[in-house]
Amino acid sequence: MVLYRRTRSTRLLVVSLVMLSLMTITIDFRGGEQGPFAAVGRGALAAVAPLQAAVSRVFRPVGDFFTGLVHVGSLKSENDALREEVQKLRSENIESVSIQRENAELLALVGLRDQLDLEGVPAIVIGESVSNFEWTVTIDRGSSDGLEVDMPVVTGEGLVGHVVRVSGNAATVELIIDPESAVAGRLVGSGETGLVVGDTDLRDLTMELVDDETEVNPDERVVTSGYQGGLYPPRIVIGSVSHVTGGSGGVSKIITVRPAVDFSSLDIVLVVTNHRATSEP
Amino acid sequence: MRRILSWTVVVLTALVLQSTVFSQIELGGAKPELVFLATVVLALMEGPSSGALAGFVGGMAQDFLLNQPKGITALTLTLLGYGVGMLRQYIVTPSPLLPVVLVGAATLAGVLFQGIVMFLLNQLDVSGLYLLRVALLTALYNAVLTPFLFPVIRRIAESSRVTKVFRW
């Protein structure tokens, strides 16, 4: 009798939780960014961001340590008398590799900013998405630094994505490799435009809606077309052509684009603040 | 109260590690699902009620960090926690590999279920083959991590368990 009651109360609990989940999905799906749960999401982002920043700060040297090992690996065979010196060199090298990388990233970022006349807020990537089906990163700047939803994000190498959620101290950036992302792109050689979307299956980008008679060269650069009122400013590098399919019998060409940015090692980014997207066409 | 606090710490730690440390150490492009792992382990130890409740709370916490309709992970983990908790009652093997196998199988089923729900809600635009590949790799990653994380989660769960003291 007790067992039967316990089973019944468990079933009741599970049915209630499932109903609650379904109601949450429905309400949030219909409400979107203006829905009642969006504010809770921003609160969760603000609460977790300091923890992510702290953990990233602690574990970043671990990643640099492995990088450093590649450079000083040959020293391991040295005799005992040199071990102390090797240890010292190793720690210096780790620090040097890290500083050199950050320096190069900042220099490239400053170059891009001056070249394209962009104004922005530099930010550090403190975390990635917790899901395997969402390609976003969290940065350590938020609305208190002037960040707003839909602001473009770049690095010295090229286009990263755009801001999709902002809390007071952090923001979420949707990367251009996310299948939900779509960027208006332009082939530098021909000037032909198309839509660049994320393609997780290929781990690349795909440029669609390109005229079938367009001449496309290998390694040709693809930049943002920057149409009026669009999300991204013009002439930011998206990537380079790696493969072309279609284009016969009136079918538009599909171009595989290798992203310019290495998304696996994003560190310092620039959130562009002097470009605003407008909803009007 | 102690149990709620313990579970909050486990979920928060899992989410922070998943978005920082483990995003740098991917297995074939897949990250582990640490909240899935913790839910399965808890359901295995505590049964279907605690499994479902822990799954719902952990899933909802994960959902609020994502840019997708909230509730999808909560729904997945509620069912997963309940399912594993129920299954546990019919498994009598003393094999130490049981948690590893269960975590792997449950993660595979959970990720596939979550992917299908997201696809039906038009929130996922990947091929079936990609979904299967990610589900398999995530399941493998979680299974590999289980021998290291199972003792930690078990210890936390046991230390926060309410013990009844009978006085004569």
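Residues numbered from 1 in each chain as written. Chains lettered and ligands numbered in written order. Predicted model: local features only at pLDDT ≥ 70, side-chain atom pairs only at ≥ 80, totals over all residues. Heavy atoms only, no water.

Enquirer: Describe in detail the overall build of chain B, supporting the description with residues and values.
Expert: The helix and strand tally for chain B stands at seven helices and zero strands. When its helices and strands are written in sequence order, chain B yields α-α-α-α-α-α-α. Taking 168 residues into account, the globule formula puts the C-alpha radius of gyration at 15 Å, and chain B, at 16 Å, falls close to it. Here the C-alpha coordinates of chain B stretch approximately 65 × 35 × 30 Å along the principal axes. Relative to its 168 residues, chain B shows a buried fraction of 55%. (Helix = DSSP H or I, 4+ residues; strand = E, 2+ residues; numbered from the N terminus. Rg over C-alpha atoms; globule rule 2.2 N^0.38 Å. Buried < 20%, exposed > 50% of the residue type's maximum accessible area, 1.4 Å probe, protein only.)

Enquirer: Tell me about the overall build of chain A, and name the residues and values.
Expert: Secondary structure assignment for chain A yields three helices and twelve strands. Taken across its 281 residues, chain A has 45% of its residues classed as buried. In chain A, the proportion of contacts linking residues at least 24 apart, taken out of those at least 6 apart, comes to 58%. When the accessible surface of chain A is totalled, it reaches about 14,700 Å², and 55% of it is carbon and sulfur. (Contact = heavy atoms within 4.5 Å. Areas by Shrake-Rupley, 256 points an atom, 1.4 Å probe, with all protein chains shown as cover.)

Enquirer: So what about the packing of helix 3 (residues 34–46) of chain B against helix 4 (residues 48–63) of chain B? Which residues, and what values?
Expert: Residues and elements named next belong to chain B. In contact at an axis separation of 8 Å, helix 3 and helix 4 are set at 165 degrees when each is read in the N-to-C sense. Relative to helix 4, the element helix 3 is oriented roughly antiparallel. The crossing of helix 3 and helix 4 is right-handed. Of the residues in helix 4, those in contact with Val-35, Thr-39, Leu-42, Ala-43 and Glu-46 of helix 3 are Ser-50, Gly-51, Ala-54, Gly-55, Gly-58, Gly-59 and Gln-62. For the contact of helix 3 with helix 4, the per-class residue count stands at four nonpolar, seven polar and one charged. (Axes fitted to C-alpha atoms, helices over the stretch in contact; angles between N-to-C directions. Parallel < 35°, antiparallel > 145°, perpendicular 65-115°, else oblique. Left-handed = near helix turned anticlockwise from the far one by under 90°. Nonpolar A, V, L, I, M, F, W, Y, C, P; charged D, E, K, R; others polar.)

Enquirer: Give me the lowdown on the pairing of strand 1 (residues 120–128) of chain A, citing residues and values where you can.
Expert: Residues and elements named next belong to chain A. As defined by bridge partners, strand 1 adjoins strand 12 (residues 268–272) across five bridges and the pair is classed as antiparallel. Considered in strand 12, the bridge of Pro-122 is made with Leu-270. The pairing of strand 1 with strand 2 (residues 136–139) spans three bridges and is classified as antiparallel. Its bridge partner lying in strand 2, Gly-127 is registered against Thr-138. (Pairing = 2+ DSSP bridges.)

Enquirer: Tell me about the pattern of salt bridges, residues and numbers included.
Expert: Residue and element names in this part refer to chain A. Enumeration over the complete set of coordinates arrives at two salt bridges over all chains. In this structure, Arg-141 engages Asp-145 in a salt bridge whose closest nitrogen and oxygen atoms are separated by 3.4 Å. On the basis of relative accessibility, which here comes to 30%, the residue Arg-141 falls in the partly exposed class. The closest approach of N and O atoms between Arg-258 and Asp-219, which form a salt bridge, is 3.7 Å. Of the two residues, Arg-258 sits in strand 11 (residues 253–259) while Asp-219 sits in the loop between strand 8 (204–210) and strand 9 (221–224), which places them 39 residues apart along the sequence. (Salt bridge = Lys/Arg side-chain N within 4 Å of Asp/Glu carboxyl O.)

Enquirer: Can you tell me about the interface of chain A and chain B, naming the residues and giving the values?
Expert: Counting residues at the interface gives 44 residues for chain A and 52 residues for chain B. Both faces combined, the contact of chain A with chain B buries some 4,100 Å², and carbon together with sulfur accounts for 65% of it. Three residues, Val-130, Asn-132 and Phe-133 of chain A, lead the burial of chain A against chain B; their summed loss comes to 20% of the area buried on that side. On inspection of chain A and its partner chain B, the count reaches zero salt bridges. On the surface where chain A and chain B come into contact, there are twelve residue pairs in polar contact (both at pLDDT 80 or more). Taken together, the elements giving at least two residues each to the side of chain A that touches chain B come down to helix 1 (2–31), helix 2 (38–72), strand 1 and strand 4 (159–166) of chain A. Here the side of chain A that touches chain B gets 13 residues from one element, more than from any other, and that element is helix 1 of chain A. Residues belonging to the side of chain A that touches chain B are distributed by class as follows: 22 nonpolar, twelve polar and ten charged. (Buried area = accessible area lost by both parts, 1.4 Å probe. Polar contact = N/O pair within 3.5 Å; in protein donor to acceptor, adjacent residues only side chain to side chain.)

Enquirer: Requested: an account of the packing of aromatic side chains, with residues and values cited.
Expert: Across all of its chains, the model carries three aromatic pairs over all chains by this definition. Ring centres of Trp-135 of chain A and Tyr-130 of chain B lie 6.4 Å apart, and the angle between their planes is 45 degrees; on these two criteria the pair is classed as tilted. Note that Trp-135 of chain A is positioned in the loop between strand 1 and strand 2 and Tyr-130 of chain B in helix 7 (residues 128–159), a pairing that runs across two chains. Note on accessibility: Trp-135 of chain A and Tyr-130 of chain B belong to one class, buried. (Phe/Tyr/Trp six-rings, centres within 6.5 Å; stacked < 30°, edge-to-face > 60°.)

Enquirer: Outline helix 4 of chain B, listing residues and values.
Expert: Residue and element names in this part refer to chain B. Taking 1.5 Å of rise per residue, 16 residues should cover 22 Å, and helix 4 covers 22 Å from first to last C-alpha, within 8% of that figure. Most of helix 4 sits inside the fold, with twelve of its 16 residues counted as buried. Listed as buried for helix 4 are Pro-48, Ser-50, Gly-51, Ala-52, Ala-54, Gly-55, Phe-56, Gly-58, Gly-59, Met-60, Gln-62 and Asp-63. (Expected span 1.5 Å × (residues − 1).)

Enquirer: Can you lay out the sheet that holds strand 6 (residues 182–187) of chain A for me, pointing to particular residues and giving the numbers?
Expert: Strand pairing within a sheet occurs via backbone hydrogen bonds; the two strands may be parallel or antiparallel. Residues and elements named next belong to chain A. Ordered by their spatial adjacency, six strands build a closed barrel running 6-7-8-11-10-9, and the pairing between neighbours is antiparallel. Adjacent strand axes in the sheet meet at a mean angle of 45 degrees when their direction is disregarded. Summarising the sheet, strand 9 and strand 10 (residues 237–246) pair through three bridges and their orientation is antiparallel. Across the sheet, residue Val-223 finds its bridge partner in strand 10, namely Val-237.

Enquirer: Account for the confidence of the model for chain B, with residues named and values stated.
Expert: Confidence in the prediction for chain B averages 88 pLDDT; 96% of positions are at 70 or higher. Across the interfaces of the predicted complex, the ipTM metric reaches 0.87, alongside a pTM of 0.80. (pLDDT = per-residue confidence, 0-100.)

Enquirer: Outline the nonpolar core, listing residues and values.
Expert: Looking at soluble globular proteins, one finds that nonpolar side chains tend to be buried together. Core analysis: the largest hydrophobic core is formed by 104 residues, its most contacted members being Ile-139, Val-160 and Leu-266 of chain A. Considering every element that reaches this core, the biggest residue donor is helix 3 of chain B, with eleven residues. By size, the runner-up hydrophobic cluster in this structure holds five residues, among which are Ala-49, Ala-53, Ile-126 and Ala-170 of chain A. (Core = buried A, V, L, I, M, F, W, Y, C linked by side-chain atoms within 4.5 Å.)

Enquirer: Which residues make up the environment of Leu-112 of chain B, and what values go with them?
Expert: Residues and elements named next belong to chain B. Relative to the helices and strands, Leu-112 is located in helix 6 (residues 98–120). It is 9.1 Å that separates the C-alpha atoms of Leu-112 and Leu-136, two residues lying 24 residues apart in sequence. Excluding its chain neighbours within four sequence positions, the residues that come into contact with Leu-112 are Leu-131, Leu-132 and Ala-135.

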